[in-house]
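So you can see what is in the structure, the chains are spelled out below.
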Amino acid sequence: MDSILVRGNGPLKGQIPIAGAKNACLTLMPATLLTDEPLTLTNAPRLSDIRTMTQLLGSLGAEVAPLQGGQVLALSSHDITSQRADYDIVRKMRASILVLGPLLARFGHAEVSLPGGCAIGARPVDLHLKALEAMGAELDLRDGYVHAKAPGGLKGAVFDFPIVSVGATENALMAATLAKGTTVLKNAAREPEIVDLARCLRRMGAQIEGEGTSTLTIQGVERLGGATHAVVTDRIELGTYMLAPAICGGEVELLGGRIDLLASFCETLDKAGVSVTETPAGLMVARREDRVRAVDVVTAPFPGFPTDLQAQMMALLATADGTSILEERIFENRFMHAPELTRMGARIEVHGGHATVHGVEKLRGAPVMATDLRASVSLILAALAAEGETVVSRVYHLDRGYERVEEKLSACGALIERIH
Ligand SMILES: CC(=O)N[C@H]1[C@@H](OP(=O)(O)OP(=O)(O)OC[C@H]2O[C@@H](n3ccc(=O)[nH]c3=O)[C@H](O)[C@@H]2O)O[C@H](CO)[C@@H](O)[C@@H]1O
Ligand SMILES: C=C(OP(=O)(O)O)C(=O)O
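Residues numbered from 1 in each chain as written. Chains lettered and ligands numbered in written order. Predicted model: local features only at pLDDT ≥ 70, side-chain atom pairs only at ≥ 80, totals over all residues. Heavy atoms only, no water.

Going by the annotation in an unreviewed UniProt entry, the name recorded for the protein is UDP-N-acetylglucosamine 1-carboxyvinyltransferase, with Falsirhodobacter algicola given as the source organism. As its UniProt record puts it under Pathway (unreviewed entry), the protein is described as follows: "Cell wall biogenesis; peptidoglycan biosynthesis." Of the protein, the UniProt comment under Catalytic activity (unreviewed entry) reads exactly: "phosphoenolpyruvate + UDP-N-acetyl-alpha-D-glucosamine = UDP-N-acetyl-3-O-(1-carboxyvinyl)-alpha-D-glucosamine + phosphate". (UniProt positions renumbered as here; feature names shortened; annotations may be inferred.)

Right under this line is the structure:
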């Protein structure tokens, strides 16, 4: 099993290109199931999660051809042979549930394994199911699978999400594009990945209004066609690498970076003493003083502070001047990185959904273990700023969501390598 070896090496200087968003690509790929015409995605990230979605779609009979080294995905669901998403693949990745809405909408039936919980929380899919039920789906939960049918097709409906859910909004949005009549999704998620999905679906012929607001209105159409769509920039990869010069010093330009994707995160960085300035090619990030200042963080749905950057922010605040409180409001168990950061000399106390981080002057290298995707990269960030050597094990978590981490950071002067 691979590990990542990092030797703390002071300030970073250089440029890092930001890839297309994993979380957008993972919802754009299942959108292929809505049409028998080709869907081409450009700016796709090269990640193990994308390969898992490729495998899942392949098991249904869809073709997914990675072109240009995987940066372009040519998808076709012309010859779908199965409407069953097996547990063997679904258990690897929760985003697998996103095939449910499209399969049901186009074929009138689907069987999708329930994904189960994961390291960061229980993560039920009840809202995905309730939204589809509101559109007339008949659902039966048996043998760990959702058995779904809509014999006369899905029907437009008004559905008010009791809490904001990115995945449930995506599933309902895709399903609604082929439902009869109008669907109104209230309290819908507003994440840039939802906006990206809506734009791609519109290119395919869907009639959607309101993306980026909390009300989505979808007028169902008879059929969707093919399209070519460029995946939006990965705001989480962007935010992660913005934290590298914040934690190590120096100055790094994030190519393709946009403030509007991360406004609340940028405000928090500013309060901590980190400057973010727009450049013709993206964003330039540098910290203003030797040490960042403590800041409090509360995670929230977009446009709030993203939960997917909470672990990385904790690594920064571990070295801040003062005490910060991080409140995790999206997932109930997303502080698994705290004890690992503590092994590196961080002073962190976790009480339920709150972590109190007492900044220390210096972290120290240590052997640590990645527990989930964002936890793994938070340990790498901490290691860049630590004294001595850190080995991060279980980096298969990292490979789900970050492509060529070692290359991107080495190009800015970091001493980081993969050990096989
Ligand atoms: C592939 C992908 O895009 N993953 C992202 C997506 O996950 P995902 O779509 O799974 O996250 P949700 O927005 O659905 O989850 C938000 C909260 O709602 C709860 N919930 C969700 C659905 C449901 O049916 N019932 C329910 O109770 C979840 O347990 C969680 O506490 O958004 C999260 C929140 O920004 C991000 O951290 C993930 O990186
Ligand atoms: C939690 C994440 O992904 P997933 O929803 O696929 O588990 C993430 O990208 O940080």
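## Describing the overall build of the protein
Across its full length, the protein carries 14 helices and 24 strands. The C-alpha radius of gyration of the protein comes to 21 Å, within 12% of the 22 Å expected for a compact globule of 420 residues. Principal-axis analysis of the C-alpha atoms gives the protein an extent of 65 × 45 × 40 Å. Here the protein holds 420 residues, and the buried ones make up 58% of them. Here the analysis covers contacts within the protein between residues at least 6 apart in sequence; of these, 73% occur between residues at least 24 apart. Counting only carbon and sulfur atoms, one obtains 50% of the accessible surface of the protein, whose full area is about 15,800 Å². Side chains of the protein carry 41 positive and 49 negative charges; the gap between the two charge centres is 1 Å. (Helix = DSSP H or I, 4+ residues; strand = E, 2+ residues; numbered from the N terminus. Rg over C-alpha atoms; globule rule 2.2 N^0.38 Å. Buried < 20%, exposed > 50% of the residue type's maximum accessible area, 1.4 Å probe, protein only. Contact = heavy atoms within 4.5 Å. Areas by Shrake-Rupley, 256 points an atom, 1.4 Å probe, with all protein chains shown as cover. Lys, Arg positive; Asp, Glu negative; His and termini not counted. Charge placed at Lys NZ, Arg CZ, Asp CG, Glu CD.)

## Some words on the packing of helix H8 (residues 235-248) against helix H10 (residues 310-317)
Packed helices, taken two at a time, are described by the angle between their axes plus the distance between the axes. At their nearest, the axes of H8 and H10 sit 10 Å apart, and the two run at 5 degrees to each other. Judged by the inter-axis angle, H8 sits roughly parallel to H10. The segment H8 lies against H10, with Ile 236, Thr 240, Leu 243, Ala 246 and Ile 247 engaging Gln 312, Met 313, Ala 315 and Leu 316. (Axes fitted to C-alpha atoms, helices over the stretch in contact; angles between N-to-C directions. Parallel < 35°, antiparallel > 145°, perpendicular 65-115°, else oblique.)

## Structural notes on the sheet that holds strand S19 (residues 323-327)
Within a beta sheet, neighbouring strands are joined by backbone hydrogen bonds and run either parallel or antiparallel to one another. The strand order S18-S19-S21-S20 describes an open sheet built from four strands, whose pairing is mixed. With partners counted over all chains shown, the strands left at the sheet margins are strand S18 (297-298) and strand S20 (347-351), one partner each. Sheet analysis places S19 next to strand S21 (residues 354-358), joined by five bridges and oriented antiparallel. Pairing of Thr 323 across the sheet is with His 358, part of S21. (Pairing = 2+ DSSP bridges.)

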